[in-house]
Amino acid sequence: MKRISLSGIYGAPTVVTIFGPKNCLYSVPDAFCAEIHSVLSKKFFKKKY
């Protein structure tokens, strides 16, 4: 069975930058949650597909 690639960038190295406002109380925790969810979703899809 042929493996289907779900990558929109075809396996190229990628840099993800997360921005948030400086004067917001929760900008750092929100950025952390966004980053950790992206890492977990990558690990999930890597195992499944």
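Residues numbered from 1 in each chain as written. Predicted model: local features only at pLDDT ≥ 70, side-chain atom pairs only at ≥ 80, totals over all residues. Heavy atoms only, no water.

Asks: Honestly, the overall build of the protein in this entry has me stumped. Any pointers?
Replies: Scanning the protein from N- to C-terminus turns up one helix and zero strands. The burial tally for the protein puts 2% of its 49 residues in the buried class. With the model as given, the accessible surface of the protein reaches about 5200 Å², and the carbon-plus-sulfur share is 66%. (Helix = DSSP H or I, 4+ residues; strand = E, 2+ residues; numbered from the N terminus. Buried < 20%, exposed > 50% of the residue type's maximum accessible area, 1.4 Å probe, protein only. Areas by Shrake-Rupley, 256 points an atom, 1.4 Å probe, with all protein chains shown as cover.)

Asks: I keep staring at the environment of Ile18 and nothing clicks. Help me out?
Replies: Position of Ile18 relative to the elements: it lies in the segment before α1 (27–48). Classification of Ile18 as partly exposed rests on a relative accessible area of 41%. Separated by 14 residues in sequence, Ile18 and Phe32 place their C-alpha atoms 8.9 Å apart. For Ile18, the contacting residues outside a window of four places in its chain are Ala31, Ala34 and Glu35. (Contact = heavy atoms within 4.5 Å.)

Asks: Please clarify how the side chain of Ser27 should be interpreted in this entry.
Replies: Locating Ser27 in the fold gives a position in helix α1. Residue Ser27 is classed as buried on the basis of its relative accessible area, which comes to 15%.

Asks: Quick question: what am I supposed to make of the environment of Gly20 here?
Replies: Among the secondary structure elements, Gly20 is positioned in the segment before α1. Separated by eleven residues in sequence, Gly20 and Ala31 have C-alpha atoms that sit 7.1 Å apart.

Asks: How should I be thinking about a nonpolar patch on the surface in this particular structure?
Replies: Residues Phe32, Ile36, Val39 and Leu40 make up a contiguous nonpolar surface patch of about 340 Å² in total accessible area. The topology assignment puts Leu40 in helix α1. Owing to a relative accessible area of 48%, Leu40 belongs among the partly exposed residues under this scheme. (Patch = residues over 30% accessible without salt bridge, like charges linked within 9 Å, V, L, I, M, F, W, Y side chains within 5 Å. Salt bridge = Lys/Arg side-chain N within 4 Å of Asp/Glu carboxyl O.)

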